[in-house]
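Survey of secondary and tertiary structure
The residues making up each chain are set out below.
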Amino acid sequence: MIWTHDRLKDRQRVVHWDLFRSTPEYSVERIVDMSPGARLRVYNSFNKGRVSIPDSAFSDGNFSLVINNVISTDKGVYTCNLHHHYCQIQQSIQIQLNVTKSARKEKRYWDGERTVFVVLLGSSVVLPCVNRRPLWREGLLEDQQQVAHWDFQPPGVRPDRADRLVDLYGSGERRDYGPLFSQKMSVLEDAFTLGDFSLQISDLKPVDKGLYSCHLHHHYCGLHERRIFRLSVGPPLPLNPTEESGVFQNNIEPIAFLPSGTEEVLQHRESPHVLNVFLPEHQGHFVQYLGYILATFLLLIFIVVIIIVLTRRRKKRELEYELARAVRGSVTTGGEIALDYSEPKSCNQDPMNSDYKNNLLKEKDMAKDCNKDFDGKMWN
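Throughout, a residue's number is its position along its own chain's written sequence, starting from 1. For a predicted model such as this one, the threshold for reporting local features is a pLDDT of at least 70, and the threshold for listing and counting side-chain atom pairs is 80 or more; totals across whole chains, interfaces and linings nevertheless cover every residue. With hydrogens and water stripped out, all remaining heavy atoms of the structure feed into the side-chain values.

1. As for the sheet that holds strand E5 (residues 65–67)
Strand pairing in a sheet relies on backbone hydrogen bonds. The paired strands run either parallel or antiparallel. Spatially, E4-E5-E10 is the arrangement adopted by the three strands of the open sheet, whose pairing is antiparallel. The open sheet has two edge strands with one neighbour each: strand E4 (51–52) and strand E10 (125–127). Note: two strands are recorded as paired if DSSP finds a minimum of 2 bridges between them. Going along the chain from the N terminus, every DSSP run of H or I of four or more residues is numbered as a helix, and every run of E of two or more is numbered as a strand. Pairing of E4 with E5, which is carried by two bridges, proceeds in the antiparallel orientation. Bridge assignment links Ser52 to a residue of E5, and that residue is Val66.

2. Let's talk about the side chain of His84
For His84, the location among the structural elements is in strand E6 (residues 76–84). In this description, contact between two residues means that some pair of their heavy atoms is separated by no more than 4.5 Å. In contact with His84, other than residues within four places in its own chain, are Gln12, Arg13, Ile89, Leu135, Trp136 and Tyr220.

3. Quick word on the state of the cysteines
Cysteine sulfur atoms that pair up within 2.5 Å are treated as a disulfide. Taken as a whole, this structure holds one disulfide when the rule is applied. Disulfide pairing is shown between Cys80 and Cys129; the S-S distance is 2.1 Å. Residues Cys80 and Cys129 share a disulfide whose torsion about the S-S bond is about -70°; that sign makes it left-handed. Of this pair, Cys80 sits in strand E6 while Cys129 is found in the loop between E10 and strand E11 (146–153), placing the two residues 49 residues apart along the sequence.

4. Brief notes about the side chain of His16
Counting through the fold element by element, His16 comes out in strand E1 (residues 13–21). Within 3.5 Å is the distance limit for a polar contact, defined as a pair of N or O atoms, with the added protein rule that one can donate a hydrogen and the other accept it, and that residues adjacent in sequence qualify only through two side-chain atoms. A polar contact is formed between the side chain of His16 and the side chain of Asp18, at a distance of 3.3 Å. What His16 contacts, discounting residues up to four positions off in sequence, is Arg30, Val32, Asp33, Thr79, Cys80, Asn81 and His83.

5. Details of the pairing of E11
Only protein chains enter the accessibility calculation, which uses a 1.4 Å probe. A residue is then buried if its area is under 20% of the maximum for its type, exposed if over 50%, and partly exposed in between. Counting buried positions along E11 gives eight out of eight residues, so the element sits mostly inside the fold. What you see with E11 is no split at all: Gln146, Ala148, Trp150 and Phe152 on one side and Val147, His149, Asp151 and Gln153 on the other are buried throughout. Across eight bridges, E11 lies against strand E16 (residues 210–218) in antiparallel orientation. Each bridged residue has a counterpart across the sheet, and for Ala148 the counterpart in E16 is Leu216. Inspection of the sheet shows E11 paired to strand E12 (residues 163–169) by six bridges, in the antiparallel sense.

6. Quick look at the sheet that holds E6
Read from one edge of the open sheet, seven strands run E3-E2-E1-E6-E7-E9-E8, paired in mixed fashion. The open sheet is flanked by strand E3 (41–42) and strand E8 (107–110), the only strands paired with a single partner. The pairing of strand E2 (residues 27–34) with E3 spans two bridges and is antiparallel. Each bridged residue has a counterpart across the sheet, and for Asp33 the counterpart in E3 is Arg41.

7. Notes on the nonpolar core
Here, the term nonpolar core denotes a set of buried Ala, Val, Leu, Ile, Met, Phe, Trp, Tyr and Cys residues that are joined through side-chain atoms within 4.5 Å. Trp17, Phe63, Leu65, Ile67, Tyr78 and Leu127 are the most contacted members of the largest nonpolar core, which totals 31 residues. Listed by contribution, the elements that provide at least two residues to this core are E1, E2, helix H1 (57–60), E5, E6, strand E7 (89–100), strand E9 (115–120) and E10. Excluding its chain neighbours within four sequence positions, the residues that come into contact with Phe63 are Val15, Trp17, Ile53, Ala57, Phe58, Cys80, Leu82, Cys129, Asn131 and Trp136. In terms of nonpolar packing, the next biggest core, distinct from the first, is built from 20 residues, Leu165, Val187, Phe197 and Leu231 among them.

Take a look at the structure:
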């Protein structure tokens with residue numbers, strides 16, 4: 001609807017004020033609403049003559065709410081809502097209103113979320129809601145703000161050097177640029193009525209290939225859309241196409257992006273056609289997949305080799321540990337030193353026939369014999 005004529009025009013703009021109360025219980029109340037060319041509507045009879053919006057709101061963009069003789073029940077969060085149904089745009093402004101009985105407590109501040117007004121009971125207050133964008137004001141007709149144009153960009157030409165083909169205005173004005181458009185191109189006369197801005201091209205030639213772009217501007221709503229099409233022109237099809245070429249012809253969609261001229265171009269077999277070429281999958285993809293498979297296979301081999309090496313090292317360490325343990329066991333069990341034990345000869349035996357004169361000589365002689373025997377065993 002945005003790109004077609006607006007039959008309702010200003011009746012699509014509405015402003016309304018709502019009041020949100022949290023005490024004694026949560027409630028929402030519509031205070032007033034207003035649209036261009038209509039009188040202010042007050043929803044509560046008690047507020048008639050006490051609450052108002054300037055009559056020039058849609059002329060100067062001032063939608064502020066004026067409250068006279070403020071009472072305690074006016075306390076709450078006020079929301080100014082601007083709706084533009086035609087442009088599908090909505091804006092809201094929230095203001096907190098508190099009422100006090102002390103003149104010293106009157107103030108205005110920002111609480112981090114919204115503007116807070118603290119006003120004296122029985123006084124008057126203006127809750128501001130100002131938006132002077134042309135979208136919300138009178139004096140601008142929608143059909144004068146709607147523009148559509150087509151551009152042509154030949155191969156090798158930068159976008160900013162593209163050629164302008166035609167300009168279309170919602171008011172009905174049309175401007176053609178150059179002989180190219182006037183000779184073989186056209187757009188529907190009722191484009192803004194139907195919303196169809198298709199570009200029809202006849203007698204296609206190789207020089208017509210390039211980029212075609214359709215631009216839709218709605219300055220009134222601040223919107224813009226662009227659609228780009230690439231046109232390729234190939235040689236004409238043979239008069240008696242074979243079975244394969246017939247199948248290929250069914251897949252041809254000449255200027256599919258220009259729906260208005262599709263049927264007319266298809267009627268002339270001798271004229272060039274737009275060919276949609278489907279390229280087969282490149283062989284590089286197969287090589288890439290093969291590389292992935294080989295890399296995965298090599299990675300698996302590397303992991304297996306690491307596992308085998310670690311297993312062999314572990315078995316080798318276990319074998320060395322068992323061998324060292326066996327050597328320590330043989331030393332403790334079979335490596336004991338065998339001592340030659342022989343019962344010592346008693347040296348204190350008295351001979352039956354003793355020639356010693358006294359006991360001292362006898363003991364001395366016996367000690368000498370014992371020392372000789374002991375020294376001989378030590379050296380042997």
